[in-house]
Each structure stands twice: as structure tokens, then as C-alpha cells.
Amino acid sequence: MSSVHKKIDETTLGQLLQLSRLSPEATDIETLKKQVEEIVGYFDLLSKYDDSENPYDAYPSTQADKLRADEVVPGLDISDVKKVTKDFMDGYFQVPKVIGEGA
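Residues numbered from 1 in each chain as written. Predicted model: local features only at pLDDT ≥ 70, side-chain atom pairs only at ≥ 80, totals over all residues. Heavy atoms only, no water.

Engineer: With reference to specific residues and values, describe the overall build of the protein.
Structural biologist: For the protein, the count of helices and strands is three helices and two strands. Counted from the first residue to the last, the protein has its helices and strands arranged as α-α-α-β-β. Of the roughly 10000 Å² of accessible surface on the protein, 56% is carried by carbon and sulfur atoms. (Helix = DSSP H or I, 4+ residues; strand = E, 2+ residues; numbered from the N terminus. Areas by Shrake-Rupley, 256 points an atom, 1.4 Å probe, with all protein chains shown as cover.)

The following block contains the structure:
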């Protein structure tokens, strides 16, 4: 597999060292060069596969086209809301106080 890899020149390797903030003194250059060539070889291998298919075909379709219409409809009358709960006063629902109780 290493015979297929493109060779990394010294300029490219130097730029990679600078981008990765590695110093040539602290790194085995030959080992790093071999590893980078292997990584490039993996990309060469991946580029051989056809990726023209839609990647979203693997996921189930959504029912976005079956959503309800965006229309304004009348809401509940205040008299009907008052029948739902006894804690409705002056147009608001009365709820328990939560401030100061650790919430």
C-alpha cells in the first residue's frame, strides 16, 4: 500500500510542522513523514469510491410536506378558558410562586 502513496516533500512537511506547532528537533522527521504519507494514501483510497449518491438517502424521509397550513384560526373565548380552571384571573393563569423556593 505504501507504493501507491504520494511522496511528501520537505516544504510540505515543514509547513505541516509549523501548523501543528511541532519543532523538527522534538519530532522524528522520518517517522512523521511516513505517517503523513500513509494518511495521504488513505485519502487517495477514499477518493476512488463514487460519492455522487445523495447521502441523505440513507435516512428516513420526513413528512415536512404534510404540515398544517399556516392559517390564523380563532382561539378560545375567555369564558371558555375560565371554565377550564378556577385559577384564571384578570386574563392570566395563576401559578404557584417559585421564586425563593429553590427553583
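Read on for the rest.
Engineer: Talk me through helix H2 (residues 29–47); I want residue IDs and the actual numbers.
Structural biologist: With 19 residues, H2 extends 27 Å from end C-alpha to end C-alpha; this agrees with the ideal 27 Å at 1.5 Å per step. Looking at H2, one finds that the buried residues are Leu32, Lys33, Val36, Glu37 and Gly41. Buried residues belonging to H2 abut helix H1 (10–19). (Expected span 1.5 Å × (residues − 1). Buried < 20%, exposed > 50% of the residue type's maximum accessible area, 1.4 Å probe, protein only. Contact = heavy atoms within 4.5 Å.)

Engineer: Residue-level account of the pattern of salt bridges, with values.
Structural biologist: Within the structure shown, the criterion is met by two salt bridges. Across the pair Glu10 and Lys33 runs a salt bridge whose closest N-O atoms are separated by 3.4 Å. With Glu10 in helix H1 and Lys33 in helix H2, the pair connects residues that are 23 residues apart, well separated along the chain. The class of Glu10 is exposed, set by a relative accessible area of 52%. Notably, a salt bridge pairs Asp80 with Lys83, separated by 3.9 Å at the nearest N-O pair. Taken together, the residues Asp80 and Lys83, both in helix H3 (residues 78–84) and three residues apart, mark about one turn of the helix. Taking relative accessible area as the criterion, Asp80 reaches 32% and is therefore assigned partly exposed. Residue Lys83 is classed as exposed on the basis of its relative accessible area of 68%. (Salt bridge = Lys/Arg side-chain N within 4 Å of Asp/Glu carboxyl O.)

Engineer: Can you lay out the side chain of Lys33 for me, pointing to particular residues and giving the numbers?
Structural biologist: What makes Lys33 buried here is its relative accessible area of 18%. The contacts of Lys33, once residues within four sequence positions are left out, are Ile8, Glu10 and Leu13.

Engineer: Please set out the nonpolar core residue by residue, giving values where relevant.
Structural biologist: In this structure, Ile8, Leu13, Leu17, Leu32 and Val36 together form the largest nonpolar core, which totals five residues. Mapped by element, the contributors of at least two residues to this core are H1 and H2. Apart from residues lying up to four places away in sequence, Leu32 is in contact with Leu13, Leu17 and Thr27. (Core = buried A, V, L, I, M, F, W, Y, C linked by side-chain atoms within 4.5 Å.)

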